[in-house]
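# Chain and residue survey
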Amino acid sequence: MVSLDLCKPAIEKVITSISDILNVDAAVINERGLLVVSTERYLKQKGENVHVPSIEFVLAKGQYVVDKPGSMEMCKGCRFLDSCPAKVELLSSIKVANHAIGVVSLTSFTKEGQNRLSKHTERYQQILTEISEMITVIVQSHAPGQIESSDESMRLLEGALDTVADAYFTFDRSGNVIHTNASARRLLSQHELLPAEISRMLLPSLSGMAAHSLPIANCLVDKLDAPTEATPIIVNNQLIGGVLRVQRGSLTTPRLIDYQGSRSSGKADSLAQIVGNSPAIKQVKEMAMKIGNSSSTVLITGETGTGKGHLAKAIHEASTRAYYPFVAINCASIPENLFESELFGYEDGAFTGAKKGGKPGRFEMAEGGTLFLDEIGDMPLSLQAKLLRVLQEKVVERIGGTRSFPINVRIIAATNQNLEELVEKKAFRADLYYRLNVIPIHVPSLAERKEDIELLAVSFMEKYGEQAGRTFFGIAREAINLLTHYHWPGNVRELENAIEYAMNMEQDSVLTADSLPPRLRARPPVAPSHSGPAIKARVADAQADAIRASLQKHGNDLKGKQRVAEELGIGLRTLYRKLKLLGI
Ligand SMILES: Nc1ncnc2c1ncn2[C@@H]1O[C@H](COP(=O)(O)OP(=O)(O)OP(=O)(O)O)[C@@H](O)[C@H]1O
């Protein structure tokens, strides 16, 4: 005869760990309503005898959520009728060979726990099912003639932990990490850390845990840049190890908000990569600054090459998610049949040709960070419905998988198409459009912000100069004039390419109009006074620009001028002459 009481110590370990990890109370009750194991608080609050009709009800039903403890039908006759200390209770039966032998409960006696369990009931129920299955395996392994591998129960526990968004490291009494969940493994690879390094960092906290048997907060905060908490696991009054939790998922508590608040200082730096001073681009930057602390979906619109992807990256880097991944996917470049697996991932053997061990999707890869859905207008209609569901439910299920992963990912989508028109033509789902368009940002075309052209050109000159190991002192005014008068159908991308082209063409250290792509030179430059047989004037112009740029770099005093002369490869006296001639 199988009995829960026979394997009390093993069940106790599971219950203690799960309660510590989930921060809720837990209990296992046999079919006669007697407590088998429980957390201390459960025992204190509810005692050893549980209302039998309630237990029988769950044994028959399989699972039940008691969201109004003390005032539900099943509570009739209970000594806690109308005064139950529990705030919420999730119950699941434990079955062995199809026979219900007891009930496992996740219970909260606090308001916070009540909110959390009520908000994520489905997830907790899923975990509860896994716990109940784990107990089944334990019971079976103790039952005569039915020795199951203890690996199986370990795998069940691992499976349960893998569904949790926060990262968990389980360590032994010496601080050695003996198990990591999926989120923890991802965290390690992002930070290029080894479990041994985590162990080393844990050491100082271990003595504190042993002494106080209390959770230690923020023991690794400097290294991992995230709120952490190490909770001891005590069995028979002895510290046998613990669990380190690194907060990152949707179960997070206000401490994450503190953490986020303290991380927002790099915003201005990150946004400086958006070059431009026009009122239009300033407005875009202000908007990006404001939304750093929010997780709301952003929809960036604008013509091709205006910098939508660049802006998305800058928003991420200026946000509180900057320490987590920025993952981009171009919806136009992925074949429709591969799209779903790219986005959601797949399990081992999900389809022919599937990679062994399965593959995480982009949603999972972006956990804690930002997922950039570029060219969202090209997303196949069939996938739009699935994406909408993920955005609403905030859980992802891999193809061929049987469980859902909770996700904490900010979505930034971008398009150069008119989504409203696509909605009208029924090529884009209206509900998805509204779900994405929470924070709309429009990036104007380059032709609408010509003031930015010079700044952008100089920044690209610096970028490519650095890459090529060459120093360019400036761009001739005439070249700037040509750049400003061109209509830039390819926007900033086209400008960037034009500058890169010019730098390849230019032998000297100043970018002149002659080195620009022919299509730009085909248009007349600015005022007629500049356009005559002005070779000399153009050279002078370029020289003046180079000297000005160099002076700005080194300063206008004697030392600065000496450096300028050296940099330009001319004598100091020649420099003075040129300065006079050019009226600088
Ligand atoms: N304000 C900016 N400052 C600096 N570089 C920029 C800026 N805007 C765009 N760029 C650069 O221009 C190039 C094109 O930008 P990006 O790819 O972000 O454009 P996009 O609007 O996403 O284009 P598409 O619609 O074709 O995907 C990139 O190399 C990007 O770094």
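Looking up the protein chain in an unreviewed UniProt entry gives the name ATPase AAA, with the organism given as Brevibacillus formosus.

## Examining the site of the ligand
The local shell around the ligand holds 18 residues, among which Thr304, Lys308, Gly309, His310 and Glu496 are the closest. At a separation of 2.9 Å, an oxygen atom of the ligand approaches a polar backbone atom of Gly309. Summarising the interface, the protein chains cover 85% of the accessible area of the ligand, which totals 630 Å² for the free molecule. Elements with a minimum of two residues in the shell around the ligand: helix H13 (308-317), helix H19 (452-468) and helix H21 (491-505). Among the residues making up the shell around the ligand, the classes are represented as five nonpolar, eight polar and five charged. Mapped onto the domain boundaries, the shell around the ligand takes at least three residues apiece from domain 3 (264-443) and domain 4 (447-582).

## A few points about the nonpolar core
The biggest cluster of nonpolar side chains holds 36 residues, and the ones touching the most others in it are Leu4, Ile11, Val28, Leu106, Ile131 and Ile135. Among the secondary structure elements, those contributing two or more residues to this core are helix H1 (8-22), strand S1 (25-30), strand S2 (35-38), strand S4 (88-96), strand S5 (99-108), helix H5 (121-142) and helix H6 (150-162). The element contributing the most residues to this core is H5, with nine residues. Looking at which domains feed residues into this core, each of domain 1 (4-162) and domain 2 (167-255) gives three or more. Those residues in contact with Ile135 that lie beyond four places of it in its chain are Leu4, Ile11, Val28, Ile94 and Val104. Counting residues in each nonpolar core, the second largest holds 31 residues, with Phe344, Leu371, Leu383 and Ile407 among its members.

## Comments concerning the sheet that holds S4
Pairing in this open sheet of five strands is antiparallel, and the strands run S2-S1-S5-S4-S3 from one edge to the other. Strand pairing shows two members of the sheet lacking a second neighbour, S2 and strand S3 (63-66), which therefore form its edges. Taking the axes of each pair of neighbouring strands and ignoring which way they run, one obtains an average angle of 20° across the sheet. Looking at chain direction, S1 and S2 are connected through three bridges and run antiparallel. The partner of Val28 across the bridge, within S2, is Val37. Lying over the sheet, helix H3 (residues 52-61) contacts S1, S3, S4 and S5, oriented at roughly 115° with respect to S5.

## Points about the packing of H19 against helix H20 (residues 477-485)
When two helices pack together, you describe them by how their axes are tilted relative to each other and by the distance separating the axes. Contact geometry for H19 and H20: axes closest at 9 Å, N-to-C directions at 120°. It follows that H19 is oblique to H20 by the angle criterion. Here H19 runs over H20; the crossing is right-handed. Residue-level inspection shows Ile453, Glu454 and Ala457 of H19 in contact with H20, the latter providing Arg477, Ile480, Leu483 and Thr484. In the contact of H19 with H20, the residues fall into four nonpolar, one polar and two charged.

What counts as what
Residues numbered from 1 in each chain as written. Predicted model: local features only at pLDDT ≥ 70, side-chain atom pairs only at ≥ 80, totals over all residues. Heavy atoms only, no water. Near = heavy atom within 4 Å. Polar contact = N/O pair within 3.5 Å; in protein donor to acceptor, adjacent residues only side chain to side chain. Areas by Shrake-Rupley, 256 points an atom, 1.4 Å probe, with all protein chains shown as cover. Helix = DSSP H or I, 4+ residues; strand = E, 2+ residues; numbered from the N terminus. Nonpolar A, V, L, I, M, F, W, Y, C, P; charged D, E, K, R; others polar. Domains from an automatic or database assignment. Core = buried A, V, L, I, M, F, W, Y, C linked by side-chain atoms within 4.5 Å. Buried < 20%, exposed > 50% of the residue type's maximum accessible area, 1.4 Å probe, protein only. Contact = heavy atoms within 4.5 Å. Pairing = 2+ DSSP bridges. Axes fitted to C-alpha atoms, helices over the stretch in contact; angles between N-to-C directions. Parallel < 35°, antiparallel > 145°, perpendicular 65-115°, else oblique. Left-handed = near helix turned anticlockwise from the far one by under 90°.

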